[in-house]
Amino acid sequence: MAKLIVDGKEIEARDGRTLLPVLRGIGVRIPTLCFHEAVSPYGACRLCLVEVTAGKRTLLAASCMYPVAEGLVVKTASERVIRARRMVAELLLARCPGVPRVREIAGELGVQASRFPQRDERCVLCGLCVRGCAEIAGVHAIDFASRGVYMDLAPPFHRASETCVGCTTCVTLCPTGCLDPLDFRMPPSRHRFSETRPAAGCTLCASESFRSDHGH
Amino acid sequence: MNLEMLDEIMRTYGYEESGVVAMLQDIQRKERYVPEAELRLVAERVGIPASRVYGLATFYRSFSLKPRGEHIINVCLGTACHVRGGARVMDKFTRDIGIQPGETTPDGKVTIEPVRCVGCCGLAPVVVVDEEVHGKMNQKKVSRIVEECRGVHREGVQA
């Protein structure tokens, strides 16, 4: 166990954990988009920033990635933290003005409008779908493609993936609802009685994504 | 690229994940781009997901997934070259050859690509043709380069 000070109060936390679940465990509200308990943390959205003092150094750190350590002093709502989170929210709002979750988080931080040029994206590039696909489904059907302002999430060659099993883990994890499982899936068909028929398809479990033996 | 050639490239780097970028570079040196089939094979043999190799290949601008011409003209549009008229050099190339930046002539002879700094800003504006650096470019030098690219394959290149 490690002793740390959070907003002036001393608490104990198990070594090996990261700050975010510990802070949430004692009732601190911290917004996140790219965090999910089921997959490894990634530190992409920067909404969970907190001020951490370790020894003489004080820095803003993504609490989802920062490991618990003896003697840490953590501030979760200092002016610096709030200012940084507001900036992150403003940038996210500029990228995704139409996403309810982003608007909600921005609203909670008191950000109503963004000063930056607006785009109309649905995806915040949090990478939850990538991690879900790799760590839960274990098929690595999608990953980040390209870089910088051109970055997006795609199956190889931006075509229906050959490894996707249609489990919709990615769709479940996506915080902004921008994923359509049909983007990633094999052409739906089912092999039966020596002929291939188009599958009727369940829109919930995507169970039609059986591989055809006829070379699809 | 035949299988033995590809296999030899992969063997050079021990089929290791850490060697994938080098493998793609070798493939591109031979083919002038990274074909989809080769990329998928690298993923399969090295044992990493195709999505990751695709992510890698699209991350670096130096990899092209589209076939490129026999001559590749890289026009620098970095800060120094921008200040010294890189855009005008690019204009002249696209006008003379008749394709847009990033495109290849229909006969597959010439590709024009913009780059961001090739690391010799003192020579701005800079153009790199098939790994040969041409500094202090002007309209006349552009014409000469276009002539040279055509000279080798005069019959094929469109006016």
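Treat the numbers as computed from the prediction; the structure is a model and nothing was measured.

Digging into the environment of B:Pro49
Line of reasoning, step 1. Note that B:Pro49 resides in the loop between helix H3 (36–46) and helix H4 (50–59).
Line of reasoning, step 2. When sequence neighbours within four positions are dropped, the list of residues in contact with B:Pro49 reads A:His140 and B:Ala43.

Overview of unusual backbone geometry
Outside of glycine, negative phi angles account for most residues, and trans bonds account for most peptide bonds.
Residues and elements named next belong to chain B.
Line of reasoning, step 1. With omega at -5 degrees, the peptide bond leading from Ala 124 into Pro 125 counts as cis.
Line of reasoning, step 2. Note that Pro 125 resides in the loop between strand S2 (110–115) and strand S3 (127–129).
Line of reasoning, step 3. A positive phi angle, close to 70 degrees, is found at Arg 32, a residue other than glycine.
Line of reasoning, step 4. Looking at the secondary structure, you find Arg 32 in the loop between helix H2 (20–31) and H3.
Line of reasoning, step 5. Positive phi outside glycine occurs at Cys 117, with the angle close to 70 degrees.

Overview of the packing of helix H1 (residues 3–12) of chain B against H3(B)
Helix-helix packing is characterised by the crossing angle of the two axes and by the distance between the axes.
Residue and element names in this part refer to chain B.
Line of reasoning, step 1. Contact geometry for H1 and H3: axes closest at 11 Å, N-to-C directions at 50 degrees. With respect to each other, H1 and H3 are oriented oblique. As for the relative orientation of H1 and H3, their crossing is right-handed in sense. In this structure, H1 uses Leu 3, Leu 6, Asp 7 and Met 10 to contact H3, whose residues at the interface are Glu 38, Leu 41, Val 42 and Arg 45.
Line of reasoning, step 2. For the contact of H1 with H3, a count of residues per class yields five nonpolar, no polar and three charged.

Observations concerning the interface of chain B and chain A
Line of reasoning, step 1. Facing the 12 residues of chain B at the interface are 14 residues of chain A.
Line of reasoning, step 2. Summing both sides of the interface, chain B and chain A together bury roughly 1300 Å²; the carbon and sulfur share of this comes to 58%.
Line of reasoning, step 3. Across the pair A:Arg159 and B:Glu36 runs a salt bridge, and its minimum N-O distance is 2.5 Å.
Line of reasoning, step 4. The tally of links between chain B and chain A comes to five residue pairs in polar contact (both at pLDDT 80 or more).
Line of reasoning, step 5. Those elements giving two or more residues to the side of chain B that touches chain A turn out to be H3 and H4 of chain B.
Line of reasoning, step 6. Element by element, the count of residues in the side of chain B that touches chain A is highest for H4(B), at seven residues.

Details of the sheet that holds S2(B)
All names here are of chain B.
Line of reasoning, step 1. One open sheet accounts for four strands, arranged S2-S1-S3-S4; its pairing is mixed. Across the chains shown, the open sheet's two edge strands, defined by having one partner strand only, are S2 and strand S4 (132–134). Across this sheet, the average inter-strand angle for adjacent strands is 20 degrees, counted without regard to direction.
Line of reasoning, step 2. In the sheet, strand S1 (residues 71–76) pairs with S3 via three bridges, with the strands oriented antiparallel. The partner of Ile 73 across the bridge, within S3, is Val 129.

Description of the environment of B:Glu70
Line of reasoning, step 1. Relative to the elements of secondary structure, B:Glu70 occurs in the loop between H4 and S1.
Line of reasoning, step 2. Distance from B:Glu70 to B:Val110, taken between C-alpha atoms, is 5.8 Å for residues 40 residues apart in sequence.

Comments concerning the packing of aromatic side chains
Line of reasoning, step 1. Considering all chains together, one arrives at four aromatic pairs over all chains under this definition.
Line of reasoning, step 2. Judged by centre distance (5.0 Å) and plane angle (45 degrees), the ring pair of A:Phe157 and B:Tyr54 falls under tilted. Within this pair, whereas A:Phe157 is found in the loop between strand S7 (152–154) and helix H5 (169–173), its partner B:Tyr54 is found in helix H4, the two belonging to separate chains.
Line of reasoning, step 3. For A:Phe157, a relative accessible area of 13% translates into the label buried.
Line of reasoning, step 4. Using a relative accessible area of 7% as the deciding quantity, one classes B:Tyr54 as buried.
Line of reasoning, step 5. Where B:Tyr60 meets B:Phe63, the ring centres are 6.2 Å apart and the plane angle is 80 degrees; that geometry is what we call edge-to-face.
Line of reasoning, step 6. Accessibility expressed as a relative area gives 34% for B:Tyr60, which makes it partly exposed.
Line of reasoning, step 7. Three or more aromatic residues joined by ring pairs make a cluster, and in this case those are B:Phe59, B:Tyr60 and B:Phe63.
Line of reasoning, step 8. Taking NZ or CZ as reference, A:Arg147 lies 4.8 Å from the ring centre of B:Phe59, over its face.

Reading the values: the criteria
Residues numbered from 1 in each chain as written. Chains lettered and ligands numbered in written order. Predicted model: local features only at pLDDT ≥ 70, side-chain atom pairs only at ≥ 80, totals over all residues. Heavy atoms only, no water. Helix = DSSP H or I, 4+ residues; strand = E, 2+ residues; numbered from the N terminus. Contact = heavy atoms within 4.5 Å. Axes fitted to C-alpha atoms, helices over the stretch in contact; angles between N-to-C directions. Parallel < 35°, antiparallel > 145°, perpendicular 65-115°, else oblique. Left-handed = near helix turned anticlockwise from the far one by under 90°. Nonpolar A, V, L, I, M, F, W, Y, C, P; charged D, E, K, R; others polar. Buried area = accessible area lost by both parts, 1.4 Å probe. Salt bridge = Lys/Arg side-chain N within 4 Å of Asp/Glu carboxyl O. Polar contact = N/O pair within 3.5 Å; in protein donor to acceptor, adjacent residues only side chain to side chain. Pairing = 2+ DSSP bridges. Phe/Tyr/Trp six-rings, centres within 6.5 Å; stacked < 30°, edge-to-face > 60°. Buried < 20%, exposed > 50% of the residue type's maximum accessible area, 1.4 Å probe, protein only. Lys NZ or Arg CZ within 6 Å of the ring centre and 35° of its normal.

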